[in-house]
Amino acid sequence: MEQAAVARNRKVVLREYISRAPREDDMVLVDGGTVVLRVPEGAAPAVLVKNLYLSCDPYIRGRMRDFHGSYIPPFTPGSVIEGLGLARVVDSTHPGFSAGDIVSGMTGWEEYSLIDKPEQLNKVQQNDIPLSYHLGLLGMPGFTAYVGFYEVCSPNKGEFVFVSAASGAVGQIVGQLAKLHGCYVVGSAGTNQKVELLKNKFGFDEAFNYKEEPDLTAALKRYFPEGIDIYFENVGGAMLDAVLLNMRAHGRIAVCGMVSQHGMTDPVGIHNLFYLVTKRIRMQGFIQSDYLPMFPQFLSDVTKHYRDGRIVYVEDVSIGLENAPAAFVGLFSGKNVGKQVVCVSQE
């Protein structure tokens, strides 16, 4: 058998568990030594990939704490950070994959990864849509927006929809799907640049900078004088409290995330939950993986919307594996504009 090629493999590892908002120095770029560019002999069917793009998502923060009660287990200190990524197959002993295939799925924050559960990978067809969009618009964030809006929010034409963190990876798609559905849509964001993006690029009816609103309840009353039918929840905290005061009877709240609470070991409580009773509001948390049978329909629908120019997408690309920690930490202070991805290699 011919000698397999080798390569250096840099990787980003977790230094130690944290109980606060993440910092760049919680993650360390290390030289992982050389990696043989072949699946080890005698191993169960596996796939060796070269990582091209990595997805920075808030849920990764939850895996950095010593907490085992979540839907996904924590990292081990000293181990490589894991997340969704897009990669090129270098070698495969699994019949479903061949060298050169482009795949998406869980991978490591490193240059090369050995995937020992290749059945969890999806093949990606290279076409007119940028490859990195398969981590955003056509990936987990897009699917989260799709099932959260259509399945959890149960929208009706003409309803009033509010989206927080609206310029992020999920929010920007929710707002556009709501507009396509015939809803009135308002979004909140943390900079005036993002507010302009919501109105001028994503087609929201209105948008506001929550940091410039001393009274969130009054701000929502201003934009929704008749109240809110649907709230797509991404932030939690004071915003959720203000929304509850402004919901209409029989409103729906889809709880996608609560980014304002991610850095807190003692999360802030919500004061206005009794309005769930008086206004008969349905508030439901959800995770996109519960809806995986819908993924092909989502892919078909959103790909068509994108090609028809009915949905646009904005991503924020950091270049180089060494910049992954900064890109990830930036999520929690709103530094990113759109979906945050890291380009590890374009080869």
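Computed from a predicted model, the values in this text were never measured in an experiment. (Residues numbered from 1 in each chain as written. Predicted model: local features only at pLDDT ≥ 70, side-chain atom pairs only at ≥ 80, totals over all residues. Heavy atoms only, no water.)

## Overview of the overall build of the protein
Scanning the protein from terminus to terminus reveals nine helices and 15 strands. Relative to a compact globule of 347 residues, whose C-alpha radius of gyration would be 20 Å, the protein shows 21 Å and is just as compact. Its C-alpha atoms give the protein principal-axis dimensions of about 75 × 45 × 35 Å. Residues counted as buried form 52% of the 347 residues belonging to the protein. Taking the intrachain contacts of the protein between residues at least 6 apart in sequence as the baseline, contacts between residues at least 24 apart amount to 68%. Carbon and sulfur atoms form 51% of the exposed surface of the protein, whose accessible area is close to 15,600 Å². (Helix = DSSP H or I, 4+ residues; strand = E, 2+ residues; numbered from the N terminus. Rg over C-alpha atoms; globule rule 2.2 N^0.38 Å. Buried < 20%, exposed > 50% of the residue type's maximum accessible area, 1.4 Å probe, protein only. Contact = heavy atoms within 4.5 Å. Areas by Shrake-Rupley, 256 points an atom, 1.4 Å probe, with all protein chains shown as cover.)

## Here's the deal with the environment of Tyr53
Tracing the chain through its elements places Tyr53 in strand S3 (residues 47-55). Judged by relative accessible area, Tyr53 falls into the buried class, the value being 13%. Note: C-alpha distance between Tyr53 and Val342 (289 residues apart in sequence) is 5.5 Å.

## Side note on helix H6 (residues 237-246)
Among the ten residues in H6, eight count as buried, and that is most of the element. Of the positions making up H6, those classed as buried are Gly237, Met239, Leu240, Asp241, Ala242, Val243, Leu244 and Asn246.

## A word on the sheet that holds strand S13 (residues 282-285)
Strand order in the open sheet formed by six strands is S10-S9-S8-S11-S12-S13, and the pairing between neighbours is parallel. This sheet does not close on itself; its edge strands, each paired only once, are strand S10 (206-209) and S13. Geometrically, the sheet is characterised by an average inter-axis angle of 15° between neighbouring strands, direction not taken into account. Seen against the sheet, helix H5 (residues 216-223) touches strand S8 (160-163), strand S9 (184-189), S10 and strand S11 (228-233) and runs at an angle of roughly 165° to S10. (Pairing = 2+ DSSP bridges. Axes fitted to C-alpha atoms, helices over the stretch in contact; angles between N-to-C directions.)

## Some remarks on the domain arrangement of the protein
Domains assigned within the protein are domain 1 (6-136 + 314-343) and domain 2 (140-289). Between domain 1 and domain 2, the C-alpha centre-to-centre distance is 29 Å. In this assembly, 18 residues from domain 1 lie in contact with 17 residues from domain 2. Around 1,400 Å² of area is buried between domain 1 and domain 2 when both sides are counted, 65% of it from carbon and sulfur atoms. Taken together, domain 1 and domain 2 are joined by zero salt bridges. Remark: the boundary between domain 1 and domain 2 carries four residue pairs in polar contact (both at pLDDT 80 or more). In terms of residue class, the side of domain 1 that touches domain 2 is built from nine nonpolar, five polar and four charged. (Domains from an automatic or database assignment. Buried area = accessible area lost by both parts, 1.4 Å probe. Salt bridge = Lys/Arg side-chain N within 4 Å of Asp/Glu carboxyl O. Polar contact = N/O pair within 3.5 Å; in protein donor to acceptor, adjacent residues only side chain to side chain. Nonpolar A, V, L, I, M, F, W, Y, C, P; charged D, E, K, R; others polar.)

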